[in-house]
Amino acid sequence: MLSSDLKKNEVLKGQDKILEICELLSAKEYVNAYGGLSLYSSMDFESKGVKLKLIKTNDIAYSQKELANFVPNLSIIDVMMFNSPVKISAMLDDFTVIKDFAPQIHSVSISD
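Residues numbered from 1 in each chain as written. Predicted model: local features only at pLDDT ≥ 70, side-chain atom pairs only at ≥ 80, totals over all residues. Heavy atoms only, no water.

## Observations regarding the packing of aromatic side chains
One pass over the structure, following the stated rule, counts 4 aromatic pairs. Between Y30 and Y40, the aromatic rings sit 6.1 Å apart at their centres with planes inclined by 85°, giving edge-to-face as the arrangement. With Y30 in strand β1 (residues 29-33) and Y40 in the loop between β1 and α2 (42-47), this pair connects stretches of sequence that are 10 residues apart. For the pair Y62 and F70, a centre-to-centre distance of 5.0 Å together with 80° between the ring planes defines the contact as edge-to-face. Residue class for Y62 comes out buried when judged on its relative accessible area of 8%. The partly exposed category is assigned to F70, whose relative accessible area is 31%. Connected via pairs of aromatic rings, a cluster forms that spans Y30, Y40 and F45. The lysine or arginine in question, K56, covers the ring of Y34, its NZ or CZ lying 5.4 Å from the ring centre. (Phe/Tyr/Trp six-rings, centres within 6.5 Å; stacked < 30°, edge-to-face > 60°. Helix = DSSP H or I, 4+ residues; strand = E, 2+ residues; numbered from the N terminus. Buried < 20%, exposed > 50% of the residue type's maximum accessible area, 1.4 Å probe, protein only. Lys NZ or Arg CZ within 6 Å of the ring centre and 35° of its normal.)

## Quick notes on the pattern of salt bridges
In total, this model carries 4 salt bridges according to the counting rule given. For E29, the salt bridge identified is with K53, shortest N-O distance 2.7 Å. In this pair, E29 is assigned in strand β1 and K53 in strand β2 (residues 51-57), connecting sequence segments 24 residues apart. Judged by relative accessible area, E29 falls into the partly exposed class, the value being 43%. Accessibility expressed as a relative area gives 15% for K53, which makes it buried. (Salt bridge = Lys/Arg side-chain N within 4 Å of Asp/Glu carboxyl O.)

## Here we look at the layout of surface pockets
Taken as a whole, the largest pocket encloses approximately 380 Å³ of empty space. Residue assignment for the lining of the largest pocket shows that the elements contributing at least two residues are α3 (76-82) and α4 (85-92). Broken down by element, the lining of the largest pocket gets its largest block of residues, 3 residues, from α4. Looking at the lining of the largest pocket residue by residue, the class counts come to 11 nonpolar, 4 polar and 2 charged. (1 Å grid on protein atoms, 1.4 Å probe; cavity = no way out; pocket = protein on both sides within 12 Å on 5 of 7 lines; lining within 4 Å. Points joined across faces, edges and corners; volume = space filled by probe spheres on them. Nonpolar A, V, L, I, M, F, W, Y, C, P; charged D, E, K, R; others polar.)

## Regarding helix α1 (residues 14-24)
The complete set of buried residues in α1 reads Q15, I18, L19, E20, I21 and C22. In this structure, the buried residues of α1 make contact with β1 and α2. Taken from the residues just after α1, S26 is the one with a positive phi, measuring 55°. (Contact = heavy atoms within 4.5 Å.)

## Structural notes on the nonpolar core
I18, L19, C22, Y30, Y40, F45, V50 and L52 form the largest nonpolar core, which has 8 residues in total. The leading source of residues in this core is α1, at 3 residues. Not counting residues up to four positions away in its chain, the partners in contact with F45 are Q15, I18, L19, Y30, Y40, V50 and L52. (Core = buried A, V, L, I, M, F, W, Y, C linked by side-chain atoms within 4.5 Å.)

As structure tokens, then:
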């Protein structure tokens, strides 16, 4: 299913759009990449009956043949250039789901 297939308010953006999709699908939890910690408020999700969880990739290291020192977090393309499909698959399974974290208060600043 694509979110574009859902009959939703197309004006909504960001967190509000995600919360509407969760409501349309009767979702009880939403899992987002760890970077979403600064984008979403767990308190806003909880107020809608949705548990916000974050998925964080564990630290990985591999040989980057031309570099003497490993440079982390470059891109999936870098990972694919220097690793076998079997190793990449194992890396994709190496993550932590963060269920409890300090609530973020989502604030909006209005400027003239």
